[in-house]
Every structure is written in structure tokens, then in C-alpha cells.
Amino acid sequence: MPSIMQEKKRLLTGLQPSGTLHIGNYFGALKPFIDLYDSYDSYLMVVDYHALTTMRNPEQLQENIRNIVKDYLAAGVDSEKITLFKQSDIAQHTELAWIFECLVTVPVLMQAHSYKDKVAKGLEANAGLFNYPMLMAADILLYDTQVVPVGEDQRQHIEYAREAANKFNNAFGKTFTAPTEHIIDGVGVVPGTDGKKMSKSYGNTIPLFGTKDEISKAVMGIVTDSFGGRPENVYAIHTLFRPESELDALYEEKEGNYKALKEVLIEDMEMLVAPMRERRDGITDEQIREVLASGAEKARIYAEAKMQDVKNKIGVTV
Ligand code: TYM
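Calculation notes
- Residues numbered from 1 in each chain as written.
- Predicted model: local features only at pLDDT ≥ 70, side-chain atom pairs only at ≥ 80, totals over all residues.
- Heavy atoms only, no water.
- Helix = DSSP H or I, 4+ residues; strand = E, 2+ residues; numbered from the N terminus.
- Expected span 1.5 Å × (residues − 1).
- Bend = angle between axes of the 7 residues up to and from the residue.
- Buried < 20%, exposed > 50% of the residue type's maximum accessible area, 1.4 Å probe, protein only.
- Near = heavy atom within 4 Å.
- Polar contact = N/O pair within 3.5 Å; in protein donor to acceptor, adjacent residues only side chain to side chain.
- Areas by Shrake-Rupley, 256 points an atom, 1.4 Å probe, with all protein chains shown as cover.
- Nonpolar A, V, L, I, M, F, W, Y, C, P; charged D, E, K, R; others polar.
- Contact = heavy atoms within 4.5 Å.
- Domains from an automatic or database assignment.
- Buried area = accessible area lost by both parts, 1.4 Å probe.
- Salt bridge = Lys/Arg side-chain N within 4 Å of Asp/Glu carboxyl O.
- Pairing = 2+ DSSP bridges.

### Points about helix α1 (residues 23-36)
Now for step 1: With 14 residues, α1 should reach 20 Å at 1.5 Å per residue; the first-to-last C-alpha distance of 18 Å fits that figure.
Now for step 2: Of all the bends in α1, the largest measures some 40° and sits at L30, one to four residues before the proline P32.
Now for step 3: Burial analysis of α1 places eleven of its 14 residues in the buried class, which makes it a mostly covered element.

As C-alpha cells, this is what we get:
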């Protein structure tokens, strides 16, 4: 049984290679993962099959996959210490998702906020988009994950993973562990340049690995419609980079001078990002391929054993 092989608790998260990472992805999911991964048996995925729910350009997808692995490494992930892999390399993810789709009902899936939001925004309502939470449940449950660092928008998806685990365990006997979301207060919903949740689809993002010019342009575009002297949208983003105790004095000193405050924010972002950007520039495509190949090898060991257990339980082995 795979669970017997496990010593430390398991931590797992994944990000879609559907575009450029923004600071919402970083503070909501990637940084919490980086802060925790040493104390866990940690898995970090590139969820490329999830990205296929919206992407139709193969060259772009390949480039995004290479980029997101570079982002992970540059942001501080040590690929030797964790299992860093690509979802599509482990066939058991889609295999297990099918089994969950045979257990979780359509009315339950119809309650998914993210599906409703995406369709409301005009995205094609393909069956993959609808079944998205079942593939995510498989991502998590296949590895007996206990803790999943994510942003607030993924809370319901973790509930779906628990639902899939319960349905399976009730039907076929205890097999899956119920995972818990790890959502950090204050960064679960990182606001965008317009004050709404930062999201690629709202066009309100600040790129994590943009050039200084790109970051400056995004920061200068933060909406400053505050009534008092403090530009609330700038301040909210600034709290990600500096403690509020320091910010309060700064915002008092430069009250009403929005441009100067934005310039300080740009410098604070640069302090974090510049060293990462430099590290990122040194990472080659060849390195990326090696990291993904060795990550897939490690992930496959657990996934195969777990899936064999599942197959024995559901009655497809004779
Ligand atoms: P994705 O690729 O949309 O987003 C990646 C992570 O970034 C977080 N995030 C945010 N956090 C705070 N503030 C924001 N404005 C913000 N925008 C995005 C998301 O909450 C997410 O944690 N379904 C997942 C990917 C996934 C996954 C998994 C995650 C697939 N399988 C298994 C964990 C475990 C998603 O679409 O993330």
C-alpha cells in the first residue's frame, strides 16, 4: 500500500501553464508552497491538461510549460528536494478522474463557481471545463495528499476532492485521504490593479517575472480612486511586500502623493523579483526537460501503486 511508504505528510499544489504567472499566483499558491515544502514530502505540478480546457495553440502551450517550470525554479523551488512534474506525464491522473466522474453527480458538479464564472465570461462550456474538479481531485488524491496550498478561488475545488474521496471510500472501502486546503489570511485573494481579484481574465495583473518596465507600467496603472490620502489599491498590493507597520508611516509621510508611493512599490517589488529574474535567465530548456523527466519518474512510482490499489478495489482486475 502506498500510504505505508509515506513518512512525512504530503504537500501538493499545481498551477496551470495557461499564461504568465502573476503576483496573485505567487503569493496565493507558489510562495506558500515554497515556505512549506521542506517540512513535507512535497509535490509540485504543471497542470497542463487543465490548461487544455482553454488553450488551443500547441506552440504556446509548450512555451508556457517551459516558462512555468523556469518560474518555479527561479522563485526558489529546489527540484532535488521535491517531486516536480507535469500532469500529462502521469497517465493515472486522467484515469482516476474518470473513476471519480462515475461517482460524483452532475448536480454537484453544476454548483462549481469556477465553471459558472468561466462560462459567464464567455468561455466555451466544454466537458473538460465541467469535469475540471474531478481531474483536480485525482491530482490531489492519487498521492494521498494532506495539505494543498492554494488561493481562495480554489477552496471549493478542494471540497470537491473531499467529495470524490468520500464517494469512493463509501463505495469501495477506505482508500483515499481527505485533503485540507492551506489558504493564508490576507493573500487568499490578491487584488489586481483595479482592486478586483487579480486574474488573467480581468486584464488586471502584475506579472511576477516581467521586466522592470512591464512591472512599472502595471503598477502605474493601479487605479487610485481613494477619497482620503491613502490609495487603497496600491496599499493593498504593497502589504504583500512590506509589513503594514512600515507601510503606515510611509503612506502617512507621502500622503496624497500617489506617484511617489507607486514608485516605492515598484522598488520593493524589484528587491524581491530582481534576484529571481537573474536566476531565471540562467535556466536552460535542457535543464527543464531533465527536471520534468526525473520528477515524472518519482511521481510515477506512487501513482502506479495507488492506481493498482484502486483497480483492485473497483473490480477491474481479474
Ligand atoms: P490556477 O492556475 O488558476 O492558479 C494557480 C494558483 O494561483 C492562485 N491564485 C490566486 N491566489 C490569490 N490571489 C489571486 N488573485 C489568485 N489568482 C490565482 C490559485 O488559487 C491557485 O492556487 N485548479 C488550479 C490548478 C490545479 C491544482 C491542482 C491546484 C490543478 N490541479 C491540484 C492544487 C492541487 C488552478 O486553476 O490554478
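### Considerations on the site of the ligand
Now for step 1: The local shell around the ligand holds 28 residues, among which Y132, D139, D153, Q154 and V190 are the closest.
Now for step 2: Contact distances for the ligand include 2.7 Å between a nitrogen atom and a side-chain N or O atom of D139.
Now for step 3: Note that an oxygen atom of the ligand is positioned 2.4 Å from one of the side-chain N or O atoms of D153.
Now for step 4: Starting from 710 Å² of accessible surface for the ligand in isolation, the protein chains cover 94%.
Now for step 5: Sorting the residues of the shell around the ligand by element identifies β1 (10-15), α1 and α7 (127-141) as the ones contributing at least two each.
Now for step 6: For the shell around the ligand, the residue count by class is 14 nonpolar, eleven polar and three charged.

### Examining the environment of D48
Now for step 1: Locating D48 in the fold gives a position in helix α2 (residues 48-51).
Now for step 2: Owing to a relative accessible area of 6%, D48 belongs among the buried residues under this scheme.
Now for step 3: Distance from D48 to S18, taken between C-alpha atoms, is 8.0 Å for residues 30 residues apart in sequence.
Now for step 4: With near-sequence residues (within four places) excluded, D48 lies in contact with P17, I65, K86, Q87 and S88.
Now for step 5: At 2.6 Å, the side chain of D48 and the side chain of S88 are in polar contact.

### A closer look at unusual backbone geometry
Now for step 1: We note that D144 has phi near 50°; this positive angle belongs to a residue other than glycine.
Now for step 2: Summarising the element assignment, D144 is placed in the loop between α7 and β4 (147-149).
Now for step 3: Relative accessible area serves as the criterion here: at 3%, D144 is assigned to the buried category.

### A closer look at the domain arrangement of the chain
Now for step 1: Domain annotation for the chain reports domain 1 (10-188 + 285-314) and domain 2 (210-280).
Now for step 2: Distance from the C-alpha centre of domain 1 to the C-alpha centre of domain 2: 32 Å.
Now for step 3: On the side of domain 2, eight residues touch domain 1, which itself brings eleven residues to the contact.
Now for step 4: Of the roughly 810 Å² buried between domain 1 and domain 2, counting both surfaces, carbon and sulfur atoms make up 68%.
Now for step 5: For the domain 1 face of the interface with domain 2, the top three residues by lost area are I23, F27 and A74, together amounting to 56%.
Now for step 6: At the junction of domain 1 with domain 2, the criterion picks out one salt bridge.
Now for step 7: Between R280 and D71 there is a salt bridge, with the nearest N and O atoms lying 2.6 Å from each other.
Now for step 8: There are three residue pairs in polar contact (both at pLDDT 80 or more) connecting domain 1 and domain 2.
Now for step 9: Listing elements by their share of the side of domain 1 that touches domain 2, those giving two or more residues are α1 and α3 (58-75).
Now for step 10: Of the residues forming the side of domain 1 that touches domain 2, the biggest block, six residues, is contributed by α3.
Now for step 11: Residues of the side of domain 1 that touches domain 2, tallied by class, amount to seven nonpolar, two polar and two charged.

### Focus: the pattern of salt bridges
Now for step 1: One pass over the full model with this rule turns up 24 salt bridges.
Now for step 2: The partner of D35 in a salt bridge is K31, and the shortest N-O contact between them spans 2.9 Å. A residue pair is termed a helical-turn pair when its members lie 3 or 4 positions apart in one helix, as D35 and K31 do in helix α1 at four residues.
Now for step 3: One salt-bridge network, held together by shared partners, links E152, R155, R162 and E181.

### Comments concerning the environment of I99
Now for step 1: Structurally, the position occupied by I99 is in helix α4 (residues 92-101).
Now for step 2: When the C-alpha positions of I99 and L135 are compared, they lie 10.0 Å apart, and in sequence the two are 36 residues distant.

### So, the pairing of strand β3 (residues 83-86)
Within a regular strand, side chains alternate between the sheet's two faces.
Now for step 1: Covered by surrounding structure in β3 are T83 and F85 together with L84 and K86, the residues of both alternating faces.
Now for step 2: In this sheet, β3 lies alongside strand β2 (residues 41-46) in parallel orientation, the contact comprising four bridges. Residue pairing across strands places Y43 opposite T83, the latter belonging to β3.

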